[in-house]
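Given next are the chains, with one letter for each unit.
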Amino acid sequence: MMAMGWARVLGVSLLAWCLGVALQLQQTALWPTALYGAALAVACPVAWVLRRRVWGRRPATLAWGFWWAWMAFAVTGLHAQSRSLAMSASLEGQDLDVVGVVQAMPQRQDLGWRFRFRIEEAWRVDAVGALQPVDLSRDLPAQVYLGWYGQDGAHDSGWKLTALPEPLKAGERWRMRVRLKAPHGHMNPRGFDYELWLWEQGIRATGHVRTRVKDPPPVRLGSSWRHPIEGWRQTVRDSLLMHLAGPGTDADAAKRAGVLAALVVGDQAAIDRSDWDVFRATGVAHLMSISGLHVTMFAWLASALVGWAWRRSALWGFVGPLHWPAVHVGAVAGLLLAGFYALFSGWGLPAQRTLLMLGVVVVLRVSARHWHGALVWLTACAVVLAWDPWALLQPGFWLSFVAVGVLMASDPQGQRQAAGAPEGDTSNAPNWRDGVKDSAFWHRFGAWVNSGWLAWVWPKLGSLLREQAKITLALAPLTLLFFGQVSLVGLLANVLAIPWVTLVITPLALLGVLNSGFWDLASWALQPLSALLAWLSSWPLASVSSAMPPWGLALLALTGALGLVLRMPMSWKLLCLPMLCPVFFWSPPRPVHGQFELLAADVGQGNAVLVRTAKHSLLYDAGPRYSAESDAGHRVLVPLLTQMGERLDVLMLSHRDSDHTGGAAAVLAMQRQAALWSSLEDEHPLHALRLGWTRCHAGQSWVWDGVVFEVLHPPPLVVLTKKPKPNEVSCVLRISTPQGSALLAGDIEARQELALVDWGLSPVDVLLAPHHGSKTSSSPPFLQALQPRIVLVQAGYRNRFGHPAAEVVARYAQQGSQLVESTRCGAATWRSQAPAQVQCERAERQRYWHRSGVQSVLP
């Protein structure tokens, strides 16, 4: 009874620790350090009282659970406080001279490098060029994330490069002039939280190296041995890429080299974006980077080899095996070698979590503690969250722990023994000779199968197929919840790819560190797998996209999926089937007939506004192009439309500037049914993506679900007397109902605004600020004619154009309009049935790791 009571208290305590961590992660602002410390100080005597008064007699399960939740909350708060130093607001956007060390292997971008940099000394450059020292303990975090691009910088609007920066190497010490800002990321519904990612990495400032003509050039001061493993990783990566993707290499070979670089040193940025699309469609993305599976497999192989060598050493006269069991020595050695592999692969958070889980298992095994599988699972969860509390917010944490939990709960080993077939017994293996005894050939073939190595392999393959099917079914609700996509070919792809990648490709790629010839073999082995995955991804319905369900429906479906894969009576499994239906048929609520909704996405320096009626959707502009490899379509709009389950009827591109059309190609590729409206010139490449596109011009109008859409500008081409500038022909769209109206103005300037005023404008509730709030737009007559209640400004954080301009902000304030800036609000949602309210995504999702100064929901 004592043992059962102890196990019950331990289980509840571990679960309470996880709940305490989850509670602390909901804080919108951190408490003072002293308050968390006081909570820990109070917890100590409480534990003594519980131990003296309760533990020895009758375990007070709930009391201990509350105590551990309290402890977890306080410890996590102190952990968060240790990395909460933010840069002083007075230093943002200022030129700083810094001296420091490159911390990690730099990532090659299309226009330069991105790298982590630890600052050792810093000086602010004042107006006359003098250097003023900066206090690193108070005003500036030591670890920053920098970009080093060409001499004239890089931007989506087309900055020109004069030279690429010279290569950096981990461990090198540099002096450079930089410009920093506080961490800031796009904030969209269910979108990627870049600020959380930076927080987890311990990065509290980002910026770029200044390389203008008047700036001093960066200077390499020397090398150091402070990051030897990172330097080794970089050397291996560069050697691999040079060997497999050097000059004259075809594109397919270069893509395979990128995958191998990800498998060897964890450089996921080396994988081509088109390959990521294939991996996601086939459900094998987790295999193509250093994941828990690779670390676990490495630990298992290392443990087996060390254990074998330890046993053999007894034959050579070594007495160690008589004192320390080979099983324990192999387990500890496998854990240590897996730790080295995790370091070599970049010490990513998935590898850290896996290493901690393996550590829990090894400690229990060496100490000869036989715990129930649920206790082991909970212990691993609690240890991982103690090390990295913010892992609880990452999809990888949930997917990996649910997968491990399913395998532990289903217990195929126990099923095999319960069936009376001990491991290695092939008496129940399928008999290939049944039904073919009339053929001597098939008789000999069946005898070979049942008596040879296939008699061992065949049950293993069956077991792998069953386990993968269980994992695929159990993780489907979570995959929909996190990614809005489920791969229907994932089961087949994983059954084929997991053994091939983990047992063939990855070992060959790692052996290439010793001899580059193995990299050629690994590339050769990867070639048929790449072709197979590309073929599977081309199947109709290879993957299904659906609106991301709410947490409640996802948990209901997860419960049903677990019931189907666990050992339960068939009658119970049938009851679990209906629990899967809501998550697959759920769709976000839409406006009622006669109403519409605007969602101004947070895309940085660019426009992208989703307009939804009861049965139709229109996307006004497609955001900016961030670089040659990245745009708002792939990073923001395609995921946003996917998670909302949207099917666009029209994509309207106001004009040709890249901050409005940058993501159009990605959106059109994903929304093949969407019609294209634009003011672009006839020969523009985007028009090749849609035959029969429509040129927008004043006078066009239509009605969707009781909502009126009117194009107010530009005038028809026959009216124009000369070739206009792009801004001058921006499509201006008015959307109205009796309850509310909105005007989407593109990048029109004062001259076009006055023309619209002359033609006649009526007041609106919401105005998309012309030209992102530029001083060339938002003229007083235009604002007086519209009298907008709310003005949406879509602009980048600390953008180089200074949008919105100070005089424009003052003009809107004088008009009595409420300014809603995407940098402070994130994605903004406005509904015509409540025309005076705007819902800000930053206010809805505000947590302590997000930058302060958010814009709340507007009444």
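Residues numbered from 1 in each chain as written. Predicted model: local features only at pLDDT ≥ 70, side-chain atom pairs only at ≥ 80, totals over all residues. Heavy atoms only, no water.

A. Structural detail: empty space enclosed by the protein. By the definition in use, this model includes one cavity of 30 Å³ or more. Taken as a whole, the largest cavity spans an internal volume of roughly 50 Å³. Residue lining of the largest cavity: Ala600, Leu792, Val793, Gln794, Val820, Glu821, Ser822, Cys825, Gly826 and Ala828, and that is the complete set. Those elements giving two or more residues to the lining of the largest cavity turn out to be strand 24 (790–793), strand 25 (818–821) and helix 28 (822–825). (1 Å grid on protein atoms, 1.4 Å probe; cavity = no way out; pocket = protein on both sides within 12 Å on 5 of 7 lines; lining within 4 Å. Points joined across faces, edges and corners; volume = space filled by probe spheres on them. Helix = DSSP H or I, 4+ residues; strand = E, 2+ residues; numbered from the N terminus.)

B. Focus on the layout of surface pockets. In this structure, the second largest pocket encloses a volume near 680 Å³. If you list the elements that add at least two residues to the lining of the second largest pocket, you get helix 1 (2–24), helix 12 (373–387), helix 13 (395–410) and helix 19 (551–565). No other element matches helix 13, which puts eight residues into the lining of the second largest pocket. By residue class, the composition of the lining of the second largest pocket is 24 nonpolar, four polar and no charged. (Nonpolar A, V, L, I, M, F, W, Y, C, P; charged D, E, K, R; others polar.)

C. Molecular detail of the packing of helix 5 (residues 228–244) against helix 10 (residues 326–344). Interhelical geometry of helix 5 versus helix 10 gives an angle of 65° and a closest axis separation of 9 Å. Taken together, the axes of helix 5 and helix 10 lie roughly perpendicular to each other. Contacts from Ile229, Trp232, Arg233 and Val236 in helix 5 reach Phe340, Leu343 and Phe344 in helix 10. In terms of residue class, the contact of helix 5 with helix 10 is made up of six nonpolar, no polar and one charged. (Axes fitted to C-alpha atoms, helices over the stretch in contact; angles between N-to-C directions. Parallel < 35°, antiparallel > 145°, perpendicular 65-115°, else oblique. Contact = heavy atoms within 4.5 Å.)

D. Quick look at the packing of aromatic side chains. Under the counting rule described, the total for this entry stands at 30 aromatic pairs. Ring geometry for Phe482 versus Trp551: centroids 6.0 Å apart, planes at 80°, classification edge-to-face. Here the residue Phe482 occupies a position in helix 16 (residues 454–483), and Trp551 occupies one in helix 19, the gap between them amounting to 69 residues. The class of Trp551 is partly exposed, set by a relative accessible area of 43%. Site record: aromatic cluster; members linked through ring pairs are Trp377, Phe397, Trp398, Phe401, Phe482, Phe483 and Trp551. In this structure, Arg635 is placed above the aromatic ring of Tyr626, and the distance from its NZ or CZ to the ring centre is 4.4 Å. (Phe/Tyr/Trp six-rings, centres within 6.5 Å; stacked < 30°, edge-to-face > 60°. Buried < 20%, exposed > 50% of the residue type's maximum accessible area, 1.4 Å probe, protein only. Lys NZ or Arg CZ within 6 Å of the ring centre and 35° of its normal.)

E. Up close: the pairing of strand 21 (residues 732–736). Among the five residues that make up strand 21, five are buried, leaving the element largely enclosed by the rest of the structure. Alternating positions in strand 21 separate into two faces, Val732, Arg734 and Ser736 on one and Leu733 and Ile735 on the other, with burial throughout. Bridge count for strand 20 (residues 707–713) against strand 21 is five bridges, and the pairing is antiparallel. What sits directly across from Phe709, in strand 21, is Ile735. Examined bridge by bridge, strand 21 and strand 22 (residues 741–744) share four bridges and lie antiparallel to one another. Its bridge partner being in strand 22, Leu733 is matched across the sheet by Leu744. Following strand 21, the chain reverses through four residues before pairing antiparallel with strand 22. (Pairing = 2+ DSSP bridges.)

F. Spatial organisation of helix 25 (residues 750–759). For helix 25, the set of buried residues is Gln752, Glu753 and Leu756. On an axial view of helix 25, the arc spanned by its buried residues comes to 105°, and they lie on one face. Pointing more than 90 degrees away from the buried face of helix 25 are the exposed residues Arg751 and Asp758. Contact partners of the buried residues in helix 25: strand 20, strand 21 and helix 26 (780–786). Backbone geometry just downstream of helix 25 places Gly760 in the positive-phi region, at approximately 110°. (Arc of directions from axis to C-beta.)

G. The arrangement of unusual backbone geometry in detail. Of note, the bond from His713 into Pro714 is cis; its omega dihedral lies within 30 degrees of zero at 5°. Along the polypeptide, Pro714 turns up in the loop between strand 20 and strand 21. Look at the link from His803 to Pro804: it is a cis peptide, with omega at -5°. Mapped onto the secondary structure, Pro804 falls in the loop between strand 24 and helix 27 (806–815). Phi at Ala368 takes a positive value of approximately 60°, unusual for a residue other than glycine.

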